[in-house]
Every structure is written in structure tokens, then in C-alpha cells.
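This is what each chain is made of:
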Amino acid sequence: MSRAVYDVITVGRVSMDLFSRDIGAAFHDITAFETGVGGSPVNIAIGASRLGLTSIAFTAVGDDEVGRFVRRYLDDEGVVTDFIAVKPGTRTGMAVVGVQPPDRFPLLFYRENPADIHLSIDEAAALPLSQARAISLSGTALSRGSAHDVSLYLAERARASGLTTFIDLDLRTDQWTHPLSFGLRMRRILPLCDVIIGTEEEFFAALAPKPESIMAGGKVNEDLAAELRGLLRDFHEESGATLVLKQGEDGVKIYSGAAAGEIPGFPVEILNTVGAGDGFASGLIYGWAQGWAWERAARFANACGAIVVSRHGCARALPYRHEVEAFLETHH
């Protein structure tokens, strides 16, 4: 492999985001929105760039003003946009978000034939994998369209080329046609991944043979939690992958090596939880890129997530490295 030029290539969905500017207002009382860019993969690309890494966003937009807005936004964030495809006849995705802290953030997706599900293997083959250190995949990309094949192709190429493959399970239940579809497709790609990031519900939906209750919006209760621990332990032992279980304010559990490590979270006042997981993922990738142990990388990632939930917006809330370092100095 030639000398790395790019730290991470993120793969998958993108959208223009509209965030309510009326904090606490019911959705039908919103009077104004703030624009931004979203979609877990591009948020991770933005977060990584703000932390000091060089990131490529591999995604697609429509031949429309929203697509041009997205590209300009990412350019301004220092994300490499050379591999964003333009798909005539499609639309750039959109998301509309209400903000009712601490625990209500209604989110509506507009993804009828979005451009990013039509990424092609030929476009993926043009990516500079030989000059990259890692790729970051997203579970939602496997839900429909040719982006499913692209994700598998890149996971195989990365494994053969010695790149580290991250995947955020990124479960959006409304993007899947059947309760079993998510798990069926995830179990095909996960053995090709080196680092898998998800919540309890996401891991259960990915690994359990019958996760219908989770796919219907349910939670992992005490009974399911015991089953989940067994699923995680078994998958880690079989695959050798590092599993990063996000537990909200309770922090993170990492399955890497012989025992699972617990890394506590940071108590902060919640303004908006949307985008916290993307901030966490970008922080984890940053820590990995520095060669840190997973415990240190996860603590840094927890700090990134904590900063995001205390701010308004999603991509706009992602922290810069000096902000994370200052946060960690005051939160021991």
C-alpha cells in the first residue's frame, strides 16, 4: 500500500437537514428552521475533518440546488467532495427535525428515490483505497438500491487491501421493508468489518434471529439484555471484530480482547441528541488514527458525543479537536 493520503472514506447517505430554531416548540408550532447537512456517514466525515483528519465523503446527490448546497457545505468543512456522484432523475435526501429537549426530537426523512442509494460499483472502484487508512460504512446503505452491493464490494476490497473497516449499524427502521431484512443483510457484511458501532437495539436487531419487537420500535429489556450479551460475546469471539456498544449516559462497553471494557460517559445537560452518535464515531475514528488504546479512544469519543448533545444542530454541533481537549481537561 502506498503512503496514506486520506484517513477515512465514509460511505452512504447524505441529506440537507432542517433543524427547528424554536427550541421546545411542538412540531406544529415551529416557525423557522436552520439549514445544515446530515446523514450519518457525511456527519462522520465532517466530524473527522473538524478533529484534524482528512476525510472523503463517498455519496451521491441529485442534479438540483439541494445537491449543490450539500457539496458546498462539505467543501467548506474541508471534506473531500471529489467522489460525490450526481444522479440525474433523483433527489438529494432531506430530513426535518424538531427539538423538544430533553427527550423528544421528532425526525422526518424525505427519502423517496434518494440519490445516495444509487451509488455504483464502478464509482466505488474509482475511490483511492490504496491511499486511505480506513473506510466507514453505514447500516442504512444496505437497505435498498445498489448502495447495498457497493458496501459489500468496499468491505471486501478493504479487507483484501489491509484497510480498517468501521461500520455504524445506524438502524432506521422506516428504511427497511421487513423486520428481518436488517439482520439478514447485516450478518452478511459484519464478518468483513473490523470495528462495529451500535446501540443495544441496533446490535440486537443485527445479531438476533428474531428481532421483530426491536424493529417495531421496542427496547432491549432485562430479558433481552442477557441474550444480547451472549450474542455480542459469541460474535466477538468468532469474528475477532471490536464491538463498541453505546449506552447513552451510561457510556460505552467495548468488546476487544479477552474482556469487555466499560468507559463511563460524561453527564451534561441535553439540548439535542440528534447527531451525538455521529460525533462519537468521528471521535472514535480519530482516536484509532492516533494509535490510541480503545479505552482512550472511546473516552475521547464520549466527549465528542457529550458536546454534541449540549448544542443545537447536528453537523453544526460537531466539535473541533481543541474543543474536545478543553472539555476533557474540565471533565475528569
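In the block above lies the structure referred to throughout.
Residues numbered from 1 in each chain as written. Predicted model: local features only at pLDDT ≥ 70, side-chain atom pairs only at ≥ 80, totals over all residues. Heavy atoms only, no water.

Chemist: What am I meant to see in the overall build of the protein chain here?
Modeler: Broken down by element type, the protein chain carries 11 helices and 14 strands. On C-alpha atoms alone, the protein chain measures out to a radius of gyration of 18 Å, which is about the 20 Å that the 2.2 N^0.38 rule sets for 332 residues. The proportion of buried residues among the 332 residues of the protein chain is 57%. When contacts within the protein chain are restricted to residue pairs at least 6 apart in sequence, those whose partners lie at least 24 apart make up 72%. When the accessible surface of the protein chain is totalled, it reaches about 13900 Å², and 49% of it is carbon and sulfur. (Helix = DSSP H or I, 4+ residues; strand = E, 2+ residues; numbered from the N terminus. Rg over C-alpha atoms; globule rule 2.2 N^0.38 Å. Buried < 20%, exposed > 50% of the residue type's maximum accessible area, 1.4 Å probe, protein only. Contact = heavy atoms within 4.5 Å. Areas by Shrake-Rupley, 256 points an atom, 1.4 Å probe, with all protein chains shown as cover.)

Chemist: Can you walk me through the sheet that holds strand E14 (residues 260–263) in this structure?
Modeler: Sheets are built from strands that pair by backbone hydrogen bonding, the pairs being arranged parallel or antiparallel. With respect to topology, 8 strands assemble into an open sheet ordered E4-E1-E9-E10-E11-E12-E13-E14, the strand pairing being mixed. The open sheet terminates on both sides in strands that have one partner only, identified here as strand E4 (55–58) and E14. The sheet shows a mean angle of 20° between the axes of neighbouring strands, taken without regard to direction. In terms of strand pairing, strand E9 (residues 134–138) meets strand E10 (residues 164–168) through 5 bridges, oriented parallel. What sits directly across from Ser136, in E10, is Phe166. Contacts from helix H4 (residues 147–161) reach strand E1 (8–11), E4, E9 and E10 within the one sheet, and its direction differs from that of E9 by about 155°. (Pairing = 2+ DSSP bridges. Axes fitted to C-alpha atoms, helices over the stretch in contact; angles between N-to-C directions.)

Chemist: Even after reading the chapter, I still don't get the pairing of strand E13 (residues 252–255), so can you show me in this structure?
Modeler: Successive residues of a regular strand alternate their side chains across the two faces of the sheet. Where burial is concerned, the two faces of E13 agree: the one with Val252 and Ile254 and the one with Lys253 and Tyr255 are both buried. Sheet analysis places strand E12 (residues 242–246) next to E13, joined by 4 bridges and oriented antiparallel. When the sheet's bridge partners are listed, Leu245 is paired in E13 with Lys253. Turn length for the E12-E13 hairpin, with the two strands adjacent in sequence and antiparallel, is 5 residues, and the turn residue Gly248 shows positive phi of about 65°.

Chemist: Any chance you could explain the packing of aromatic side chains here in plain terms?
Modeler: Think of a pair of aromatic rings as described by two things: how far the centres are apart, and how the planes are tilted against each other in angle. Counted under the stated rule, the structure contains 7 aromatic pairs. Each ring, one from Phe166 and one from Trp288, has its centre 5.5 Å from the other, and the planes form 80°; the classification is edge-to-face. With Phe166 in strand E10 and Trp288 in helix H9 (residues 276–289), this residue pair connects regions lying 122 residues apart in the sequence. Residue Phe166 shares its accessibility class with Trp288, and that shared class is buried. Relative to Phe300, the ring of Tyr286 lies with its centre 5.0 Å away and its plane at 25°, an arrangement referred to as stacked. Within this pair, whereas Tyr286 is found in helix H9, its partner Phe300 is found in helix H10 (residues 294–309), the two being separated by 14 residues in sequence. This pair shows no difference in class: Tyr286 is buried, exactly as Phe300 is. A connected cluster of aromatic rings, assembled from ring pairs, spans Tyr286, Trp292 and Phe300. (Phe/Tyr/Trp six-rings, centres within 6.5 Å; stacked < 30°, edge-to-face > 60°.)

Chemist: Quick question: what am I supposed to make of the environment of Tyr320 here?
Modeler: Here Tyr320 is to be found in the loop between H10 and helix H11 (321–330). Residue classification places Tyr320 among the partly exposed residues on the basis of a relative accessible area of 35%. Dropping the residues within four chain positions of it, Tyr320 is found in contact with Arg50, Leu51 and Glu77.

Chemist: Teacher, can you tell me more about unusual backbone geometry here?
Modeler: Negative phi values dominate among residues other than glycine, just as trans dominates among peptide bonds. Going from Pro101 to Pro102, the amide bond is cis rather than trans, its omega being 10°. Examined against the element boundaries, Pro102 turns out to sit in the loop between strand E7 (93–97) and strand E8 (107–110). The backbone of Asn113 shows a phi angle near 55°, a positive value even though the residue is not glycine. Along the polypeptide, Asn113 turns up in the loop between E8 and helix H3 (121–125). On the basis of relative accessibility, which here comes to 35%, the residue Asn113 falls in the partly exposed class.

Chemist: Looking at this model, I keep getting lost on the nonpolar core. Mind explaining?
Modeler: Note that soluble globular proteins tend to have their nonpolar side chains buried in a common cluster. In terms of nonpolar packing, the biggest core is built from 53 residues, with Phe58, Ile189, Leu190 and Ile196 touching the most fellow members. If sequence neighbours within four positions are ignored, Phe58 has contacts with Ile9, Thr10, Val11, Gly12, Phe83, Leu119, Ser120, Glu123, Ala124, Leu127, Val150 and Leu154. Counting residues in each nonpolar core, the second largest holds 33 residues, with Val8, Val252, Ile285 and Trp294 among its members. (Core = buried A, V, L, I, M, F, W, Y, C linked by side-chain atoms within 4.5 Å.)

Chemist: Sorry, what's going on with H4 here?
Modeler: Because each turn of an α-helix spans 3.6 residues, side chains separated by three or four positions end up pointing in the same direction. Here H4 spans 20 Å end to end across 15 residues, near enough to the 21 Å set by a 1.5 Å rise per residue. Just beyond H4, the residue with positive phi is Gly162, at close to 85°. (Expected span 1.5 Å × (residues − 1).)

Chemist: Could you clarify how one ought to interpret the pattern of salt bridges in this entry?
Modeler: Here the idea is simple: oppositely charged side chains can pair when their charged atoms come close. Applying the stated criterion to the full structure yields 13 salt bridges. Ionic pairing is found between Asp170 and Arg13, a salt bridge with its closest N-O pair at 2.4 Å. One end of the pair, Asp170, is in the loop between E10 and helix H5 (181–189); the other, Arg13, is in the loop between E1 and strand E2 (15–20), and 157 residues separate them in sequence. For the pair Asp170 and Arg13, a shared accessibility class is recorded, and that class is buried. Through salt bridges with shared partners, a single network forms among Arg13, Asp170 and Arg172. (Salt bridge = Lys/Arg side-chain N within 4 Å of Asp/Glu carboxyl O.)

Chemist: Help me understand the side chain of Asn43 in this model?
Modeler: Relative to the helices and strands, Asn43 is located in helix H1 (residues 40–51). For Asn43, a relative accessible area of 2% corresponds to the buried category. Discounting residues that sit within four places of it in the chain, Asn43 has contacts with Val37, Gly38, Asp278, Cys314, Ala315 and Leu318.

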